[in-house]
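So you can see what is in the structure, the chains are spelled out below.
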Amino acid sequence: MTEAALTTDELSSIITEVDKIATERGASCHPLRAHDVVVAEWVRFKCEFGCRGYGKKLSCPPYTPSVEETRRILSSYSHALLVRFKDVPGFDADRKEPIKEWHSRLLRKLAVWIHDTMFELERTAFLLGAYKALAFVAYPCEYCDECVVATHEGLDEPALKRLCPYKEKMRPSLEACGIDVFTTVRHAGLPLHTIKKRAPKGMAASVNSYGLLLLD
């Protein structure tokens, strides 16, 4: 038995509704083909070697799909939406803020905004008929002060995920699954750049973060 694919009109209607909700939440949607999402081995290595958060969150490696699993997941989809989150909540555009302060004071607000929005977009698409809808986020999960990974050391992955109080909303980050965000975003004609050690005045207005919603 083959899957009952959405018609072009049905998919268009779902994307319109998803985009409406994204706009209400301060984000914007940009359609792309699922096979244009770039996956690369080096991305996962950057998580494992160079990121202080490695192994500290369920939304990060080694608790997320492998690069090969991500490729297989993407191969079962035709359509996707890049969801752009512009600016940083609470960032003072008139200050030069050290990046370490940006992370400690503002990353959590930014991550929760993105996680909440991507969950709502996935849920909306699913309820409208895109039952394969699947979201990926930017940044590690920041719902809890301390992840169950840290508070319940020694438990295996299934047990940790059962204990997560936000397991229905928590989604893996794009990089954690091996998705090359920079190449994917730039190929879609959207802006993205690295953040320097010290954020210059007005930089908040140019910070862009991205989520991904797979649709079919």
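Trainee: How do you make sense of the side chain of Asp216 when you look at a structure like this?
Mentor: With respect to the helices and strands, Asp216 occurs in the segment after strand S6 (208-215). Buried within the structure, Asp216 lacks any salt-bridge partner; Lys132 is the closest side chain of opposite charge, at an N-O distance of 4.3 Å. Only 2.5 Å separates the side chain of Asp216 from the backbone nitrogen of Ser78, close enough to count as a polar contact. Here His79 takes part through its side chain, which lies 3.0 Å from a polar atom of the side chain of Asp216. Excluding residues that lie within four positions of it along the chain, Asp216 makes contacts with Leu6, Ser76, Tyr77, Ser78, His79, Ala130, Tyr131 and Lys132.

Trainee: Looking at this structure, I do not really get the sheet that holds strand S2 (residues 79-86). What am I missing?
Mentor: Through backbone hydrogen bonds, the strands of a sheet pair up, either in parallel or in antiparallel fashion. One open sheet accounts for four strands, arranged S1-S2-S6-S4; its pairing is antiparallel. Both edges of this open sheet fall to strand S1 (27-33) and strand S4 (134-136), since each of them pairs with a single strand only. Direction aside, neighbouring strands of the sheet carry axes that sit 25 degrees apart on average. Strands S1, S2 and S6 of the sheet are contacted by helix H1 (residues 8-24), whose axis makes an angle of about 150 degrees with S1.

Trainee: Teacher, can you tell me more about the packing of aromatic side chains here?
Mentor: The geometry of an aromatic ring pair comes down to the distance between the two centres and the angle between the two planes. A full pass over the atoms with the stated rule returns three aromatic pairs. Consider the rings of Phe45 and Phe49, whose centres lie 5.9 Å apart with planes at 40 degrees: the pair is tilted. Accessibility classification places Phe45 together with Phe49 in one group, the exposed group. With centroids separated by 4.5 Å and ring planes inclined at 15 degrees, the aromatic side chains of Tyr143 and Tyr166 adopt a geometry described as stacked. In this pair, Tyr143 sits in the loop between S4 and helix H5 (148-151) while Tyr166 sits in the loop between helix H6 (157-163) and helix H7 (181-187), placing the two residues 23 residues apart along the sequence. On the accessibility criterion, Tyr143 (11% relative accessible area) is buried. Taking relative accessible area as the criterion, Tyr166 reaches 33% and is therefore assigned partly exposed. The ring of Tyr77 has Lys132 sitting right over it, with the charged end atom 4.7 Å from the ring centre.

Trainee: It is not clear to me how the pairing of S6 should be interpreted in this structure. Could you clarify?
Mentor: Residues in a regular strand point their side chains to alternate faces of the sheet. With respect to burial, S6 is a largely interior element, eight of its eight residues being buried. Every second residue of S6 is oriented toward a common face, with Asn208, Tyr210, Leu212 and Leu214 on one face and Ser209, Gly211, Leu213 and Leu215 on the other, all of them buried. Here S2 pairs with S6 via eight bridges, running antiparallel. Along S6, the bridge assignment pairs Lys86 with Asn208. Relative to S6, S4 runs antiparallel, the two being bridged by three bridges. In the strand pairing of S6, Leu134 is matched with Leu214.

Trainee: So what exactly am I meant to see when it comes to H1 here?
Mentor: In an α-helix there are 3.6 residues to a turn, and that puts residues three or four apart on one side. Relative to the 24 Å expected for 17 residues at 1.5 Å per residue, H1 spans 24 Å between its end C-alpha atoms, a close match to the ideal helical length. Buried within H1 we find Leu11, Ile14, Val18, Ile21 and Ala22. Considered in projection along H1, the buried side chains sweep an arc of 100 degrees and stay on one side of the axis. Facing away from the buried side of H1, by more than 90 degrees, are the exposed residues Thr8, Asp9, Thr16 and Glu24. Just downstream of H1, Gly26 is the residue with a positive phi angle, here 85 degrees.

What counts, and where the lines are drawn
Residue positions within a chain follow its written sequence, with the count starting from 1. Local features in a predicted model are, by the rule used here, given only for residues with pLDDT of at least 70; side-chain atom pairs are given and counted only at 80 or more, and totals for whole chains, interfaces and linings are based on all residues. No hydrogens and no water enter the side-chain calculation; it runs on all heavy atoms of the structure. Put simply, DSSP marks the helices as runs of H or I at least four residues long and the strands as runs of E at least two long, and each gets a number from the N terminus on. Residue burial is assigned from relative accessible area. The probe radius is 1.4 Å, only protein chains are included, and a residue is buried under 20% of its type maximum, exposed over 50%, and partly exposed in between. Neither His nor the chain ends is counted toward charge; the positive residues are Lys and Arg and the negative residues Asp and Glu. Take a side-chain nitrogen of Lys or Arg and a carboxyl oxygen of Asp or Glu: if they are within 4 Å of each other, that pair is a salt bridge. Here a polar contact is recorded for every N or O atom pair within 3.5 Å, except that within protein the pair must consist of a potential hydrogen donor and a potential acceptor, and residues adjacent in sequence are included only if both atoms are side-chain atoms. The contact criterion used throughout is that any non-hydrogen atoms of two residues lie within 4.5 Å. At least two bridges found by DSSP between two strands are what make those strands a pair. Note on geometry: axes are lines fitted to C-alpha atoms, helical ones only across the stretch in contact, with angles between N-to-C directions running from 0 to 180 degrees. Put simply, two rings from Phe, Tyr or Trp (the six-membered ring, in Trp's case) pair if the centres are within 6.5 Å, and we call them stacked under 30 degrees between planes, edge-to-face over 60, tilted for the rest. Remark: a charge is flagged as sitting over a ring if the NZ atom of Lys or the CZ atom of Arg is within 6 Å of the ring centre and within 35 degrees of the ring normal. Multiplying 1.5 Å by the helix residue count minus one yields the expected span of that helix. Starting at the helix axis, one direction is taken to each C-beta atom, and the arc is that of these directions.

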